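Per-entry structural report
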Amino acid sequence: HDPDHFYLDVALKAHNLSDRTLRNYVPGLQIPDIQRFGTINIDRLTFVGYPENFNTTFDIHSSNGAINGKAALDLRSAQLIYDANISTKNVNLARLLDDPSLESDLNSTLTIKGKGTDPKTMQAEFQLDGAGTTGFKNYQIEKFHIGGNIASAHLALQNTEIILQSGASLHSSY
């Protein structure tokens, strides 16, 4: 087998996964502790393509919320190339990130397309929308929209809006 020509077309489903389940059935993978995610149900997880150039779709639910979406990743060049559309529902960031100040019930969508991950050299367009109370330190964010692009170490935000639970808001239409 030639690893450069190792094409995969995989579809997975799994239900009632827990930290204990993974440690018992796949101990060699040395998966980090995932207890903070609670019980996980993978309704759909696909991987189509080569290990360094593939498409994936996913629909995953846990006791700490749900995430679904699709992404295309190309790792063949020096800079990662990506195109993704991801949605979350009822996600509690406090549990996922082990930070009580981020208590949330977040419903969000993220679209991003670009190349690179180093802010000095990356080029990307993005849009992040959220609804549902999301804690951030001492603030409760009710709704947000952050969109724009980054290129040559310059971040340009466009039509940004953040609404706090207290009624205060921030708007920009750059």
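Everything below is about the structure printed above this text.
Residues numbered from 1 in each chain as written. Predicted model: local features only at pLDDT ≥ 70, side-chain atom pairs only at ≥ 80, totals over all residues. Heavy atoms only, no water.

Before going further, it helps to spend a moment on unusual backbone geometry. Even without glycine at this site, Asn16 takes up a positive phi of about 60 degrees. Note on placement: Asn16 falls in strand β1 (residues 8-17). (Helix = DSSP H or I, 4+ residues; strand = E, 2+ residues; numbered from the N terminus.)

For strand β3 (residues 53-62) and strand β4 (residues 65-74), the ladder comprises 10 bridges, and the chain directions are antiparallel. Across the sheet, residue Phe58 finds its bridge partner in β4, namely Gly69. Examined bridge by bridge, β4 and strand β5 (residues 81-91) share nine bridges and lie antiparallel to one another. Bridging across to β5, Lys70 finds its partner in Asn85. The loop that links β4 with its antiparallel partner β5 comprises six residues. (Pairing = 2+ DSSP bridges.)

Once that is clear, we can look at the pattern of salt bridges. All told, the structure shown has two salt bridges when counted by the stated rule. One salt bridge in this structure joins Arg23 and Asp19, with 2.9 Å as the shortest N-O distance. Here Arg23 and its partner Asp19 are both found in helix α1 (residues 19-25), four residues apart, which amounts to about one turn of the helix. Note on Asp19: relative accessible area 11%, which makes it buried. (Salt bridge = Lys/Arg side-chain N within 4 Å of Asp/Glu carboxyl O. Buried < 20%, exposed > 50% of the residue type's maximum accessible area, 1.4 Å probe, protein only.)

Looking now at the packing of aromatic side chains. How two aromatic rings sit relative to each other is set out by the distance from centre to centre and by the angle between their planes. Counted under the stated rule, the structure contains two aromatic pairs. When the ring of Tyr7 is compared with that of Tyr50, the centres are 5.3 Å apart and the planes differ by 75 degrees; the resulting orientation is edge-to-face. Here the residue Tyr7 occupies a position in the segment before β1, and Tyr50 occupies one in strand β2 (residues 40-50), the gap between them amounting to 43 residues. Taking the relative accessible area as the measure of exposure, Tyr7 reaches 46% and is therefore partly exposed. (Phe/Tyr/Trp six-rings, centres within 6.5 Å; stacked < 30°, edge-to-face > 60°.)

Counting through the fold element by element, Thr160 comes out in strand β9 (residues 154-164). A relative accessible area of 8% places Thr160 in the buried class. In this structure, Thr160 is in contact with His145, Ile146, Gly147, Leu170, His171 and Ser172, ignoring residues within four places of it in sequence. (Contact = heavy atoms within 4.5 Å.)

A cluster of nonpolar side chains, Tyr25, Val26 and Leu29, forms an exposed patch at the surface whose accessible area comes to about 350 Å². If you trace the backbone, Val26 turns up in the loop between α1 and β2. (Patch = residues over 30% accessible without salt bridge, like charges linked within 9 Å, V, L, I, M, F, W, Y side chains within 5 Å. Areas by Shrake-Rupley, 256 points an atom, 1.4 Å probe, with all protein chains shown as cover.)

What follows covers the side chain of Asp59. As for its placement among the helices and strands, Asp59 is situated in strand β3. Of the side chains with opposite charge, Arg44 comes closest to the buried, unpaired Asp59, at an N-O distance of 4.5 Å. Those residues in contact with Asp59, other than ones at most four positions away along the chain, are Asn41, Ile42, Asp43, Arg44, Ile67 and Asn68. (Lys, Arg positive; Asp, Glu negative; His and termini not counted.)

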